[in-house]
Amino acid sequence: MRLIWTLLFALASGVALAASPEDDYIAARDKAISDIAAQESSNAQVETLDATNTKALADLQQRLSAILGPLSVKDFPATGTINLESLSASDIGFGMLDGLRYAKSDEGPSIVATTRGLAGRWLQSKADGDDESLRLPTGLDEALKLDAFYTQAIGADAAFVKTLDFSLQKPEGADIAIARLGGWTQDVGPIYDQQVVVAVVKGDRVLIAEAPASPPVPKVAACEALWTAADAAAQKFQEAYQGSDLKDQQAYDSANAAWEKGDGDYRACMGERLPGDPAFPALLAQAQQLADHMAGK
């Protein structure tokens, strides 16, 4: 009898300690990152590094597909490709959110899907980063309200900058629904090709949609004037800096300060005035439709 209980206990312990599919995925991902880092340290050929990266991403994509299953959102494909762009810390696209990206084309709407568990692990990894400006809270609800989340989760070579938040009707069954209007940029100033970005959390699933704003975000004359004036002032300081053979640090700092303030004033102006523009109801409807579809409506 004692032997039977011992065997049962051993079996129960084995089940309790068995790794979950998400654990297996994280372990495989971290091993691949370590292997590629080791190859880079040993000065492996670029072709070897690329082959290792490609093979590992394919394996991780298969693991994620098994975890997530097929996507069922209107107007989006059922199968996706891995959201990670590289497993080399020296490459652009390293460290993006673990999940699958679903899209019919590179230019059209897309959805990145993951689980609460994978999103939580990813946020934990970003909470103590060296760059304070890129640190993220560990709570998903709080993180989804930050530009830095989208910059690191679904972007590769540009920063996401918010123009405004939409007031959504939370779809039935959704735990979280957040929608923003903004764009991708590598500099300050107006972003004319803007995106509607919607995040929906329902049960164990986290879905982040991105679609070109339709209709395109209009220019608002008062906001354009704010940026034009700020840019002109910054250019004068920049000319003074260049005229000093790049020695006038005060002129350099003043130029950057003028651009930064102009950028902030422009975005604040757009956030205030755009809701009164005739194009706004259609933009809000686009965001609401994305949220509803992701929630299963």
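Structure's up top.
So, how was this worked out
- Residues numbered from 1 in each chain as written.
- Predicted model: local features only at pLDDT ≥ 70, side-chain atom pairs only at ≥ 80, totals over all residues.
- Heavy atoms only, no water.
- Pairing = 2+ DSSP bridges.
- Helix = DSSP H or I, 4+ residues; strand = E, 2+ residues; numbered from the N terminus.
- Contact = heavy atoms within 4.5 Å.
- Axes fitted to C-alpha atoms, helices over the stretch in contact; angles between N-to-C directions.
- Phe/Tyr/Trp six-rings, centres within 6.5 Å; stacked < 30°, edge-to-face > 60°.
- Lys NZ or Arg CZ within 6 Å of the ring centre and 35° of its normal.
- Salt bridge = Lys/Arg side-chain N within 4 Å of Asp/Glu carboxyl O.
- Buried < 20%, exposed > 50% of the residue type's maximum accessible area, 1.4 Å probe, protein only.
- Polar contact = N/O pair within 3.5 Å; in protein donor to acceptor, adjacent residues only side chain to side chain.
- Disulfide = S-S within 2.5 Å.

## Focus: the sheet that holds strand β2 (residues 100-103)
Part 1: Pairing within the open sheet is antiparallel, and its seven strands lie in the order β1-β2-β3-β7-β6-β5-β4. In the strand order of this sheet, the two ends are held by β1 (81-82) and β4 (159-166), each with one partner.
Part 2: Packed on one face of the sheet, helix α4 (residues 116-126) meets β3 (110-115), β6 (195-202) and β7 (205-212) and runs near 90° to β3.
Part 3: Sheet strands touched by helix α9 (residues 280-294): β3, β4, β5 (176-185), β6 and β7. Its angle to β6, the strand with the most contacts, is close to 30°.

## Details of the packing of aromatic side chains
Part 1: For the structure on display, the rule yields six aromatic pairs.
Part 2: Between F149 and Y150, the aromatic rings sit 5.1 Å apart at their centres with planes inclined by 85°, giving edge-to-face as the arrangement.
Part 3: On the numbers, 4.9 Å between centres and 50° between planes, the contact of Y241 with Y252 is tilted. Taken as a pair, Y241 in helix α7 (residues 221-243) and Y252 in helix α8 (residues 249-273) lie far apart in primary sequence, eleven residues in all.
Part 4: Linked through ring pairs, W122, F149, Y150, F160 and W184 together constitute an aromatic cluster.
Part 5: Here K219 stacks its cationic end above the ring of Y192, 4.6 Å away from the centre of that ring.

## Quick look at the pattern of salt bridges
Part 1: Within the structure shown, the criterion is met by 13 salt bridges.
Part 2: Here D147 and R180 are joined by a salt bridge, their closest N and O atoms 2.6 Å apart. Residue D147 is found in helix α6 (residues 147-153), and its partner R180 is found in strand β5; the two are separated by 33 residues along the sequence.
Part 3: According to the relative accessible area criterion, D147 is partly exposed, its value standing at 24%.
Part 4: Judged by relative accessible area, which is 2%, R180 ranks as buried.
Part 5: Where salt bridges share partners, they join D147, K162, D165 and R180 into one cluster.

## Remarks on the pairing of β7
Part 1: Of all eight residues in β7, six are buried; the element is thus mostly enclosed.
Part 2: Turn length for the β6-β7 hairpin, with the two strands adjacent in sequence and antiparallel, is two residues, and the turn residue G203 shows positive phi of about 60°.

## Comments concerning the pairing of β2
Regular strands place their side chains on alternate faces of the sheet.
Part 1: Of the two faces of β2, only one is covered, namely that formed by L100 and Y102; the face formed by R101 and A103 stays uncovered.
Part 2: In this sheet, β3 lies alongside β2 in antiparallel orientation, the contact comprising four bridges. Following the sheet pairing, Y102 is matched in β3 by I111.
Part 3: Taken together, β2 and the strand that follows it, β3, pair antiparallel across an intervening segment of six residues.

## Things to note about the environment of D277
Part 1: Mapped onto the elements, D277 comes out in the loop between α8 and α9.
Part 2: In the structure, D277 is positioned 59 residues away from P218 in sequence and 8.2 Å away in space, judged by C-alpha atoms.
Part 3: Side-chain polar atoms of D277 contact the backbone nitrogen of A279, separated by 2.9 Å.

## Remarks on the state of the cysteines
Part 1: Under the definition given, this model contains one disulfide.
Part 2: Each sulfur in the disulfide pair C223 and C269 lies 2.1 Å from the other. Around the S-S axis, the bridge from C223 to C269 shows a dihedral of about -80° and counts as left-handed. With a gap of 46 residues between them, C223 in helix α7 and C269 in helix α8 connect regions that are remote in the sequence.
Part 3: For C223, a relative accessible area of 0% translates into the label buried.

## A few points about unusual backbone geometry
Part 1: Geometrically, the link from S214 to P215 is a cis peptide bond, its omega value of 5° lying close to zero.
Part 2: Tracing the sequence through the fold places P215 in the loop between β7 and α7.
Part 3: Phi is positive for N43, close to 60°, though the residue is something other than glycine.
Part 4: By secondary structure assignment, the location of N43 is in the loop between α2 (21-41) and α3 (46-68).
Part 5: On the basis of relative accessibility, which here comes to 64%, the residue N43 falls in the exposed class.
Part 6: Backbone geometry at L246 places phi at a positive 65°, although glycine is not the residue there.
Part 7: The exposure class of L246 is exposed, given its relative accessible area of 52%.

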